[in-house]
Amino acid sequence: MNRMSVSRRAPGLVRCAGDPEQMFPVDESGPGQAPTVGERAALAVCAGCPVLDRCRVAVLGMPLAYGVAGGLTAGQRRELRAARLDRRVRAA
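Because the structure is predicted, anything quoted here is derived from the model rather than measured. (Residues numbered from 1 in each chain as written. Predicted model: local features only at pLDDT ≥ 70, side-chain atom pairs only at ≥ 80, totals over all residues. Heavy atoms only, no water.)

1. Focus on the nonpolar core
Part 1: One finds Val-14, Cys-16, Met-23, Ala-42, Leu-43, Val-45, Cys-46, Cys-49, Val-51, Leu-52 and Val-68 forming the largest nonpolar core, which totals 11 residues.
Part 2: Ranked by the residues each element gives to this core, the list is headed by helix 2 (residues 37–47), at four residues. (Core = buried A, V, L, I, M, F, W, Y, C linked by side-chain atoms within 4.5 Å. Buried < 20%, exposed > 50% of the residue type's maximum accessible area, 1.4 Å probe, protein only. Helix = DSSP H or I, 4+ residues; strand = E, 2+ residues; numbered from the N terminus.)

As structure tokens, then:
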């Protein structure tokens, strides 16, 4: 279940659905950098979300290259995906 399907099924439950543009700040942090002001504002929206865990699982399976989703910045998602890939390569 992705964030969009959750927001369609439960309007008002998912706070990011009310203003999705806030989840895509213009300023984005780079690898290893602290989140920008815009990213921190979007992360605050995610922090109180009742479906955060399900959203994070769904988002990590998507090729979403920008914005904040699942309580993670785009850079954080890239780092998590790279770490997963590295673990798979080492296990092979």
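2. Focus on the side chain of Arg-77
Part 1: For Arg-77, the position within the fold is in helix 4 (residues 74–91).
Part 2: Among residues more than four places away in sequence, those in contact with Arg-77 are Val-59, Leu-60, Leu-64, Ala-65, Tyr-66, Gly-67, Val-68, Ala-69 and Leu-72. (Contact = heavy atoms within 4.5 Å.)

3. Topic: the environment of Arg-81
Part 1: Along the polypeptide, Arg-81 turns up in helix 4.
Part 2: Sequence spacing of Arg-81 and Gly-61 is 20 residues, and the spatial spacing of their C-alpha atoms is 9.1 Å.
Part 3: When neighbours within four sequence positions are excluded, Arg-81 is seen to be in contact with Val-59, Leu-60, Met-62 and Leu-64.

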